[in-house]
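# Examination of the molecular architecture
Letter by letter, the chains look like this.
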Amino acid sequence: MPRKIETALLIDDDDAFRTTLQGAMRRRGVQARTAATVEEGVVALEDAPVDLVVVDYRMPRVDGLSALPRLRRLCPEAAIVMLTGFGDIPLAVAAVREGADTLLTKPIDADRLLREATVLFERPRAPFSGAPPSSRTTYKLDELERDAINAALKDSGGVIAVAAKLLGIDRRTLQRKLKKSS
């Protein structure tokens, strides 16, 4: 039987997103606490560890990526999920290397977040050492790529040439990827 997420800490500087996600998680039976900064999150974890830590990548003063080793040391058994508005492969690799279990793109709903976190508990995990991961996680490159493409298309208003520029790839490459995924 999969482990149930009972407690969570949401660290995000976007008040509206943070409180909306907190309310959604509470409606699903998760005791969710929030923090607007990494520093607040660290204090909250020192007071009481949680099953799930969700941290935004872009934060004031200390970004989520550089906070991951501290968060992992404070909650070695927790599932740690980094959120970003625009995911890419190098960021996903860096996040996992620094202590996150996975990187997900915003916007994200509570159901998907809890589903992903539950799956993380089902995988065997090696203790965090700060070194590159071995079998601690699997990379979902196709999912990250699809999320990045969808975000770029949304930001560009559906204009493929603009989306390709946002992604840093050639327009024809983006068209091939879109054709392949349909």
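Keep in mind that this is a model prediction, so the values were computed, not measured. (Residues numbered from 1 in each chain as written. Predicted model: local features only at pLDDT ≥ 70, side-chain atom pairs only at ≥ 80, totals over all residues. Heavy atoms only, no water.)

Side chains of Phe86, Val159, Val162 and Leu166 sit close together on the surface and give an oily, nonpolar patch of about 300 Å² of accessible area. Mapped onto the fold, Phe86 is located in the loop between β4 (79-84) and α4 (89-98). Classification of Phe86 by relative accessible area gives partly exposed; the value is 31%. (Patch = residues over 30% accessible without salt bridge, like charges linked within 9 Å, V, L, I, M, F, W, Y side chains within 5 Å. Areas by Shrake-Rupley, 256 points an atom, 1.4 Å probe, with all protein chains shown as cover. Salt bridge = Lys/Arg side-chain N within 4 Å of Asp/Glu carboxyl O. Helix = DSSP H or I, 4+ residues; strand = E, 2+ residues; numbered from the N terminus. Buried < 20%, exposed > 50% of the residue type's maximum accessible area, 1.4 Å probe, protein only.)

Here the focus is the packing of aromatic side chains. The full count for this structure, using the stated rule, is zero aromatic pairs. Over the ring of Phe17 we find Lys106; its NZ or CZ atom is 4.6 Å from the centre of that ring. (Phe/Tyr/Trp six-rings, centres within 6.5 Å; stacked < 30°, edge-to-face > 60°. Lys NZ or Arg CZ within 6 Å of the ring centre and 35° of its normal.)

The biggest cluster of nonpolar side chains holds 26 residues, and the ones touching the most others in it are Ile11, Val53, Leu68, Leu71 and Met82. Every element with two or more residues in this core is listed here: β1 (7-11), α2 (38-47), β3 (52-56), α3 (64-74), β4 and α4. For Val53, the residues in contact, after removing those within four places along its chain, are Leu9, Ile11, Leu45, Leu71, Ala78, Ala79, Ile80 and Val81. Counting residues in each nonpolar core, the second largest holds 22 residues, with Ala24, Met25, Ile108 and Leu113 among its members. (Core = buried A, V, L, I, M, F, W, Y, C linked by side-chain atoms within 4.5 Å. Contact = heavy atoms within 4.5 Å.)

Here we come to the UniProt feature "modified residue: 4-aspartylphosphate" (unreviewed entry) in the protein. In the numbering adopted here, UniProt assigns the feature "modified residue: 4-aspartylphosphate" (unreviewed entry) to Asp56. For Asp56, a relative accessible area of 6% puts it in the buried group. Residue contacts for Asp56: discarding those within four places in its chain leaves Ile11, Asp12, Asp13, Gly64, Leu83, Thr84 and Lys106. (UniProt positions renumbered as here; feature names shortened; annotations may be inferred.)

Below, the discussion takes up the sheet that holds strand β5 (residues 102-105). Here we have five strands laid out as an open sheet, ordered β2-β1-β3-β4-β5, and parallel in their pairing. The open sheet has two edge strands with one neighbour each: β2 (31-35) and β5. Across this sheet, the average inter-strand angle for adjacent strands is 20°, counted without regard to direction. Running over the sheet, helix α1 (residues 15-27) touches β1, β2, β3 and β4 and is turned about 170° from β2. (Pairing = 2+ DSSP bridges. Axes fitted to C-alpha atoms, helices over the stretch in contact; angles between N-to-C directions.)

Below, the discussion takes up unusual backbone geometry. Following Lys106, the chain continues into Pro107 via a peptide bond in cis, with omega recorded as -5°. When you line up the elements, Pro107 lands in the loop between β5 and α5 (110-122). One non-glycine residue, Arg61, adopts positive backbone phi at about 65°.

We now examine the side chain of Asp12. Looking at the secondary structure, you find Asp12 in the loop between β1 and α1. According to the relative accessible area criterion, Asp12 is buried, its value standing at 3%. A distance of 2.8 Å separates the side chain of Asp12 from the backbone nitrogen of Asp14, its partner in a polar contact. Within the structure, the side chain of Asp12 is placed 2.7 Å from the side chain of Lys106, a separation counted as a polar contact. Apart from the residues within four sequence positions on either side, Asp12 is in contact with Phe17, Arg18, Ala35, Ala36, Asp56, Met59 and Lys106. (Polar contact = N/O pair within 3.5 Å; in protein donor to acceptor, adjacent residues only side chain to side chain.)

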